[in-house]
Amino acid sequence: MQDFSTTETALVNSMKSSLSAARFSKYLHLANGNETHALHLYQWNSLLSQAFYLNVQCWEVCLRNKLNAFLCWKYNKSWPYDEQRAVRQLKSGEKTRLFETRRRQEQERKQTKVPTDVIVADLSAGFWVSMLATSYEIPFGWRNNLKRVFPNDTALDRRAAWEICSEIRDLRNRIAHHEPIHQLPLETRYRDLQRIVAAMCPGTFAFMEANCRFREVFNRRPST
């Protein structure tokens, strides 16, 4: 990690202005008012977000495709348009998200019905995580069917899967919105990502592990 130069006052002031006082103050407080330390902490947070990005990507892509495969199996390959069975099972929040996604894609593609994979890729991470919530325990028969999504971890139940995925979704959103993540229990989040991805797909897990730099970056926390 090459340190951002904090010896040139003009550069420091320029970056502080671009970050905004409100955002910079979060780091300045933790650095006891030391601007140099605050910028190093901001840099570390940014690199942590970068290091987690690939892991979160592996989780989100794998989760939505596994859940889509399950919905295709339980209903049919056009489940987003199956009003009588699949859509009927969705709670109001998820139903709204699905309808908005369908409408957006239909308008963009000028089609009355778009392919399922297009809708799957456009639905938010929050939609897919909600599929593991308590409200879908009975409609989806998770007691017997969870192994279709997480075939490689027999100790993982629906509640644990939902809790892990909810925490990862929050981490994902903080990274996407460039918020601080360094104060989170990142080692726990890293282990959870390892477990949940391995539970879904050994190939994706191997890819993630081969390219992950979390440990390297995490161990280089700047001194404040």
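Conventions we followed
- Residues numbered from 1 in each chain as written.
- Predicted model: local features only at pLDDT ≥ 70, side-chain atom pairs only at ≥ 80, totals over all residues.
- Heavy atoms only, no water.
- Helix = DSSP H or I, 4+ residues; strand = E, 2+ residues; numbered from the N terminus.
- Buried < 20%, exposed > 50% of the residue type's maximum accessible area, 1.4 Å probe, protein only.
- Contact = heavy atoms within 4.5 Å.
- Lys, Arg positive; Asp, Glu negative; His and termini not counted.
- Charge placed at Lys NZ, Arg CZ, Asp CG, Glu CD.
- Phe/Tyr/Trp six-rings, centres within 6.5 Å; stacked < 30°, edge-to-face > 60°.
- Lys NZ or Arg CZ within 6 Å of the ring centre and 35° of its normal.

Draft legend 1. Geometry of the overall build of the protein. Within the protein, the secondary structure is distributed over 12 helices and 0 strands. Ordered by position in the sequence, the α and β elements of the protein form the string α-α-α-α-α-α-α-α-α-α-α-α. Over its C-alpha atoms, taken along the principal directions, the protein stretches across nearly 65 × 45 × 30 Å. Looking at the protein residue by residue over its 224 residues, the buried ones come to 42%. A sequence separation of at least 24 residues applies to 67% of the contacts in the protein between residues at least 6 apart. Across the protein, the 33 positively charged side chains and the 23 negatively charged ones have centroids separated by 5 Å.

Draft legend 2. Quick peek at the packing of aromatic side chains. A full pass over the atoms with the stated rule returns 12 aromatic pairs. Between F127 and W128, the ring centres sit 5.0 Å apart and the planes meet at 90°, which makes this aromatic pair edge-to-face. A single burial state applies to F127 and to W128, both of which are buried. Here the aromatic cluster, defined as three or more aromatic residues joined through ring pairs, consists of W44, F52, Y190, F214 and F218. Of note, R148 hangs over the ring of W73, and the distance from its end group to the ring centre comes to 3.6 Å.

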